[in-house]
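# Results of the structural survey
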Amino acid sequence: MRSIIKTPLAALAATTMLSTMAFADGHGLTGDLRIFSDMSNPAPRAIMEGLVEEFGAMHPGLEIELTVVDREAWKTQIRNALTANAPDVVNWYAANRMGPYVDAGLFMDITDMWDAGDFAGLESVRGAMTIDDRQWGVPYTYYQWGIYYREDIFNELGLSEPTTFEEEIANCQVIVDSGRSCYTIGSRYLWTAGGWFDYLNMRTNGFDFHMELARGEVPWTDERVRETFANWRRLIDMGAFIDDHQTYSWQEALPFFVNGEATAYLMGNFVVPHLREAGLSDDQIDFYQFPAIVEGMPMGEDAPTDTFHIPSGAQNVEAAQEFLRFVTSADVQARINGPDGLGQLPVNANAAVADDEFIQQGFEMLSQNATGGIAQFFDRDWPAEMAAIGMEGLQEFMVFPDNLDDILERLEDARQRIYE
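Scope of this entry: the structure provided in the associated data block. (Residues numbered from 1 in each chain as written. Predicted model: local features only at pLDDT ≥ 70, side-chain atom pairs only at ≥ 80, totals over all residues. Heavy atoms only, no water.)

## Quick word on unusual backbone geometry
Although it is not a glycine, Asp 133 adopts a positive phi angle of roughly 65 degrees. Tracing the backbone shows Asp 133 in the loop between strand S5 (130-131) and strand S6 (134-135). Look at Asp 244: it is not a glycine, yet its phi comes out positive at around 55 degrees. Summarising the element assignment, Asp 244 is placed in the loop between helix H11 (223-237) and helix H12 (254-258). On the basis of relative accessible area, Asp 244 is assigned to the partly exposed category, the value being 48%. (Helix = DSSP H or I, 4+ residues; strand = E, 2+ residues; numbered from the N terminus. Buried < 20%, exposed > 50% of the residue type's maximum accessible area, 1.4 Å probe, protein only.)

Take a look at the structure:
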């Protein structure tokens with residue numbers, strides 16, 4: 001599904017409160033600016049439409065055409081959109097998910113903008129926008145992953161937040177002994193198993209190794225990968241996960257947490273509104289960083305990052321560049337990521353952070369305690385075909401851990417074929 005909004009921006013200028021400076025800065029931009037966005041859900045769409053209106057009012061010489069594409073459909077349509085009559089700005093994702101379009105010459109190199117300091121406050125995530133030592137876009141939002149848990153049940157059982165894997169195991173044993181599962185998970189759509197692998201692998205072998213594996217530089221049969229699965233199996237064998245999780249979506253697994261049948265959920269911060277809507281108060285929910293497995297190893301984190309890019313075929317490059325500066329500025333980042341917007345984290349380190357317990361915790365964790373690096377999540381960091389085969393294997397391992405040797409051989413065969 002696709003919809004197009006054409007914004008007559010000269011009219012907007014008359015109805016929007018603008019400073020003289022905004023007019024002075026923007027009067028030189030003219031022509032058409034075409035933006036394709038996958039922000040199709042109601043709240044993100046409202047944000048995107050608001051950004052277009054605001055930017056257009058600042059630059060009355062522009063006429064902006066915003067095309068909103070269904071988020072899932074965009075994943076298959078983006079290549080065609082970039083190839084024929086390309087727009088000037090598009091939404092996509094960071095890190096390896098940029099790779100196919102960078103390699104095909106479909107994204108514009110904007111390293112000169114990064115080098116010129118156009119994106120102050122984004123320095124910590126520059127690496128996520130980098131391929132071959134060049135930058136290919138800008139981030140506008142991200143969110144933390146971690147372990148959300150039932151604080152009230154932890155208090156009932158006398159448990160505290162673990163900082164090491166051994167403490168995690170010890171807590172889990174108490175939880176299992178109480179007749180509960182430690183973790184809910186719905187792995188029917190596979191990607192949730194990818195989150196568990198990401199964290200266990202980054203904690204067992206480190207962020208750099210995790211990225212080497214994602215780039216196909218390490219065999220799946222490597223003993224270090226087996227160590228990751230051995231740590232995972234400790235949890236599986238003690239009955240840490242709910243039964244039959246392969247039959248549930250991530251949403252269908254929520255009631256186990258809400259009803260107290262499971263005490264924790266390894267998930268992204270987007271889970272919080274669902275928990276609140278289900279009737280849990282913030283006094284019943286809390287969050288902690290996935291604990292360390294190897295003492296002293298820098299902590300890598302999953303923080304999927306959404307991005308804007310200028311296609312190499314863009315016609316109005318000057319206006320596109322100015323839009324990227326606008327959408328990454330500290331004040332815009334604070335507004336679009338606030339509780340009345342996306343409810344996520346501003347990427348700009350100079351932006352104000354929403355007064356929300358979990359957003360505050362996530363911002364602190366990612367800005368201060370993610371010293372290992374920021375990963376983009378399994379299905380973004382691995383090439384699409386490898387990610388699909390890999391996540392099938394990860395789910396199979398959770399259900400049939402004795403199949404590990406066959407799973408790793410299958411993934412290694414795929415690695416040798418896909419990365420050749």
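Moving on from the model shown.
## Observations concerning the sheet that holds strand S9 (residues 181-183)
The 4 strands are arranged S9-S10-S8-S11 in an open sheet whose pairing can be described as mixed. Whereas interior strands pair on both sides, the edge strands pair on one side only; in this sheet they are S9 and strand S11 (285-288). Shown here is a sheet whose adjacent strand axes are inclined to one another by a mean of 25 degrees, direction ignored. Where strand S8 (residues 145-150) meets strand S10 (residues 262-268), 5 bridges bridge the pair, whose relative direction is antiparallel. Looking at the pairing, Trp 145 lines up with Gly 268 of S10. Against the sheet, helix H16 (residues 357-369) engages S8 and S11, with an angle of about 5 degrees to S11. (Pairing = 2+ DSSP bridges. Axes fitted to C-alpha atoms, helices over the stretch in contact; angles between N-to-C directions. Contact = heavy atoms within 4.5 Å.)

## A short note on the packing of helix H3 (residues 42-58) against helix H14 (residues 317-327)
With their axes 11 Å apart at the nearest point, H3 and H14 run at an angle of 115 degrees to one another. H14 is crossed by H3, and the crossing has right-handed handedness. Residues Met 48, Leu 51, Glu 54, Phe 55 and Met 58 of H3 touch H14, and the partners they reach there are Ala 319, Glu 322, Phe 323, Phe 326 and Val 327. Looking at side-chain class alone, the contact of H3 with H14 contains 8 nonpolar, no polar and 2 charged residues. (Left-handed = near helix turned anticlockwise from the far one by under 90°. Nonpolar A, V, L, I, M, F, W, Y, C, P; charged D, E, K, R; others polar.)

## Some thoughts on the packing of aromatic side chains
According to the stated counting rule, one finds 36 aromatic pairs in the structure shown. Residues Tyr 148 and Phe 358 carry aromatic rings whose centres are separated by 6.0 Å and whose planes lie at 50 degrees to one another, so their mutual orientation is tilted. Taken together, the positions of Tyr 148 in strand S8 and Phe 358 in helix H16 put the pair 210 residues apart, joining distant regions of the chain. Phe 358 matches Tyr 148 in its accessibility class, with the two residues each being buried. Ring-pair connections join several aromatic residues into one group, and the members of that group are Phe 197, Trp 220, Phe 229, Trp 232, Phe 378, Trp 382 and Phe 397. (Phe/Tyr/Trp six-rings, centres within 6.5 Å; stacked < 30°, edge-to-face > 60°.)

## Some remarks on helix H19 (residues 404-418)
Across its 15 residues, H19 extends 21 Å between first and last C-alpha, which sits within 8% of the 21 Å expected from 1.5 Å per residue. Taken residue by residue, H19 has Leu 404, Ile 407, Leu 408, Leu 411, Glu 412, Ala 414 and Arg 415 as its buried positions. Considered in projection along H19, the buried side chains sweep an arc of 160 degrees and stay on one side of the axis. Considering only its buried residues, H19 is in contact with H11 and helix H18 (384-399). (Expected span 1.5 Å × (residues − 1). Arc of directions from axis to C-beta.)

## Regarding the pattern of salt bridges
A full pass over the atoms with the stated rule returns 25 salt bridges. As a salt-bridge pair, Arg 150 and Asp 152 come within 2.8 Å of each other at their nearest N and O atoms. Residue classification places Asp 152 among the partly exposed positions, given a relative accessible area of 26%. With its nearest N and O atoms 2.9 Å apart, the salt bridge here joins Glu 217 to Arg 215. Of the residues examined, Arg 215 reaches a relative accessible area of 41% and is grouped as partly exposed. Within this structure, Asp 38, Arg 71, Asp 306 and Arg 380 form a network of salt bridges that share partners. (Salt bridge = Lys/Arg side-chain N within 4 Å of Asp/Glu carboxyl O.)

## Considering the state of the cysteines
Put plainly, two cysteines are in a disulfide when a covalent bond ties their sulfur atoms together. Under the criterion given, the structure shown has 1 disulfide. Residue Cys 172 pairs covalently with Cys 182 via a disulfide, S to S 1.9 Å. Because the sign of the S-S torsion sets the handedness, a value of about 105 degrees for the bond joining Cys 172 and Cys 182 places this disulfide among the right-handed ones. Placement of the pair is Cys 172 in helix H8 (residues 165-177) and Cys 182 in strand S9, with a sequence separation of 10 residues. Overall, Cys 172 belongs to the buried group, its relative accessible area being 1%. (Disulfide = S-S within 2.5 Å.)

## Looking at the packing of H11 against H18
Relative orientation of the contacting elements H11 and H18 amounts to 40 degrees, with a least axis distance of 10 Å. Comparing their axes, H18 and H11 come out oblique. Touching Phe 229, Trp 232, Arg 233 and Ile 236 of H11 are Leu 394, Phe 397 and Met 398, all from H18. Residue classes in the contact of H11 with H18 are distributed as 6 nonpolar, no polar and 1 charged. (Parallel < 35°, antiparallel > 145°, perpendicular 65-115°, else oblique.)

## Description of the environment of Glu 252
You can see Glu 252 is positioned in the loop between H11 and H12. Take Glu 252: its relative accessible area is 36%, and that puts it in the partly exposed class. Counting along the chain gives 64 residues from Glu 252 to Arg 188, while the straight-line C-alpha distance between them is 9.8 Å. A distance of 2.8 Å separates polar atoms of two side chains, one belonging to Glu 252 and the other to Arg 188. From its side chain, Glu 252 meets the backbone nitrogen of Ser 249 in a polar contact 2.9 Å long. (Polar contact = N/O pair within 3.5 Å; in protein donor to acceptor, adjacent residues only side chain to side chain.)

## Topic: H18
With 16 residues, H18 ought to run about 22 Å at 1.5 Å a step, and its terminal C-alpha atoms sit 23 Å apart, in line with that. Among the residues of H18, those classed as buried are Met 386, Ala 387, Gly 390, Met 391, Gly 393, Leu 394, Gln 395, Phe 397 and Met 398. Lining the buried residues of H18 we find helix H9 (191-205), H11, helix H17 (378-381) and H19.

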